[in-house]
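The primary structure of each chain is shown beneath.
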Amino acid sequence: MVKLYTDAATNKTHSAAGILVIADQKQYQFKQKITASNNHQAEFEAAILGFEYLSRNFPNAQNVFFHSDSKIVIDSLDKRYSKSFAPELAKLLTLHEKFPLVIDQWIPDKQNTGAHSLALQALQALKA
């Protein structure tokens, strides 16, 4: 079982993603600048980066529990539809298919502090 937490942080000029993976009782952290121009797009980009990270580093994972504090990302995955973010959703769904079982779950901000902190750290680094 692999747990994936993603989050994005956006200011007026930059966006960044934070990804936290918990597997085999270990934490793996990843953060980076992303190209999104708004917070919703940034949340999709962070989720895509998270699943790309899993595909590279945990390709044999059988069960993935994906946690995000973005309602639009989780709702879009549940409905398999997004009017405004169709290309991002299509890419995310394609990445989902690489794993036998993916459970998507919305969590409140206060339960996503690991990924959130990583996204903020990456965003702060862009200001420096």
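Above this text is the structure in question.
Cut-offs applied
Residues numbered from 1 in each chain as written. Predicted model: local features only at pLDDT ≥ 70, side-chain atom pairs only at ≥ 80, totals over all residues. Heavy atoms only, no water. Pairing = 2+ DSSP bridges. Helix = DSSP H or I, 4+ residues; strand = E, 2+ residues; numbered from the N terminus. Axes fitted to C-alpha atoms, helices over the stretch in contact; angles between N-to-C directions. Contact = heavy atoms within 4.5 Å. Buried < 20%, exposed > 50% of the residue type's maximum accessible area, 1.4 Å probe, protein only.

Engineer: Explain the sheet that holds strand β3 (residues 26-34) here, please?
Structural biologist: Whenever strands of a sheet pair, they do so through backbone hydrogen bonds, lying parallel or antiparallel. The strand order across the open sheet built from 5 strands is β3-β2-β1-β4-β5, with neighbouring strands paired in mixed fashion. Where the open sheet ends on each side, the last strands, each with one partner, are β3 and β5 (101-106). Going across the sheet, the axis of each strand differs from the next one's by a mean of 20 degrees, ignoring polarity. Sheet topology places strand β1 (residues 2-10) next to strand β2 (residues 15-23); 9 bridges connect them, and they run antiparallel. Opposite A9, over in β2, you have A16 as the bridge partner. Across the sheet, helix α1 (residues 39-57) lies against β1, β2, β3, β4 (63-68) and β5, angled at about 145 degrees from β1, the strand it touches most.

Engineer: What exactly am I supposed to notice about the pairing of β2 here?
Structural biologist: The two faces of a sheet get side chains in turn, since along a regular strand they alternate between them. Most of β2 sits inside the fold, with 8 of its 9 residues counted as buried. Once β1 ends, the chain turns through 4 residues before running back antiparallel as β2. Inspection of the sheet shows β2 paired to β3 by 9 bridges, in the antiparallel sense. Across the sheet, L20 pairs through a bridge with Q29, a residue of β3. Here β2 folds back onto β3, and the loop between the two strands holds 2 residues, one of which, D24, carries a positive phi near 50 degrees.

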